[in-house]
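# Architecture at a glance
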Amino acid sequence: MTGERFNTVWEALARTPEDAKILRMRSELMSDIAAYVQGKGLTQAQASEFLGITQPRVSDLLRGKLSKFNLETLIGLSERCGQQISLQKSRAA
């Protein structure tokens, strides 16, 4: 152990602060999509058809396999669930 301390789990997992932000965004989107699927009571087969992905991919999504999904894919799936995704930027102080 290095004794290093991190502010978030994403900072601990990522190599850079930028990567940590992307991991956090991916995780939040994945969680929202899974909550939508579960909230609608969809089976994995129904979710597969609705989301336009294979059933094994739905399984990966519901199991939280973050490494299997890039940000672009998760944005598209979120849009299919009726979420409007927007990106905001600001200059660092």
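Read on for an overview of the structure. (Residues numbered from 1 in each chain as written. Predicted model: local features only at pLDDT ≥ 70, side-chain atom pairs only at ≥ 80, totals over all residues. Heavy atoms only, no water.)

### Here we look at the layout of surface pockets
A volume near 230 Å³ is recorded for the largest pocket. Lining the largest pocket are Arg-24, Met-25, Glu-28, Leu-29, Asp-32, Leu-71, Ile-75, Ile-85, Ser-86 and Leu-87. Taken together, the elements giving at least two residues each to the lining of the largest pocket come down to α2 (17-39) and α5 (71-80). When residues of the lining of the largest pocket are assigned to their parent elements, the largest contribution, five residues, is made by α2. (1 Å grid on protein atoms, 1.4 Å probe; cavity = no way out; pocket = protein on both sides within 12 Å on 5 of 7 lines; lining within 4 Å. Points joined across faces, edges and corners; volume = space filled by probe spheres on them. Helix = DSSP H or I, 4+ residues; strand = E, 2+ residues; numbered from the N terminus.)

### Some words on the nonpolar core
Core analysis: the biggest nonpolar cluster contains 17 residues, and Met-30, Ile-33, Leu-51, Leu-61, Phe-69, Leu-74 and Leu-77 have the highest contact counts within it. Broken down by secondary-structure element, the contributors of at least two residues to this core are α2, α3 (44-51), α4 (55-62) and α5. Other than its neighbours up to four places away in sequence, Leu-51 contacts Ile-33, Val-37, Leu-77, Arg-80 and Cys-81. (Core = buried A, V, L, I, M, F, W, Y, C linked by side-chain atoms within 4.5 Å. Buried < 20%, exposed > 50% of the residue type's maximum accessible area, 1.4 Å probe, protein only. Contact = heavy atoms within 4.5 Å.)

### Observations concerning the packing of aromatic side chains
Scanning the model with the defined rule gives one aromatic pair in all. An angle of 20° between the planes, with centres 5.8 Å apart, marks the rings of Tyr-36 and Phe-50 as stacked. Of this pair, Tyr-36 sits in helix α2 while Phe-50 is found in helix α3, placing the two residues 14 residues apart along the sequence. We classify Tyr-36 as partly exposed; its relative accessible area is 24%. For Phe-50, a relative accessible area of 37% corresponds to the partly exposed category. It is Arg-57 that lies over the ring of Phe-69; its NZ or CZ is 4.1 Å from the centre. (Phe/Tyr/Trp six-rings, centres within 6.5 Å; stacked < 30°, edge-to-face > 60°. Lys NZ or Arg CZ within 6 Å of the ring centre and 35° of its normal.)

### Details of the pattern of salt bridges
Counting across every chain of the model gives two salt bridges. Glu-28 is the partner of Arg-24 in a salt bridge, and the nearest nitrogen-oxygen pair spans 3.2 Å. You can see Arg-24 and its partner Glu-28 sitting in helix α2, four residues apart, about one turn around the helix. Between Lys-65 and Asp-60 there is a salt bridge whose closest N-O contact spans 4.0 Å. (Salt bridge = Lys/Arg side-chain N within 4 Å of Asp/Glu carboxyl O.)

### Side note on α4
In an α-helix, one turn spans 3.6 residues; hence positions three or four apart end up facing the same way. Of all the positions in α4, only Val-58, Ser-59, Asp-60 and Leu-61 are classed as buried. The inward-facing, buried residues of α4 contact α2, α3 and α5.

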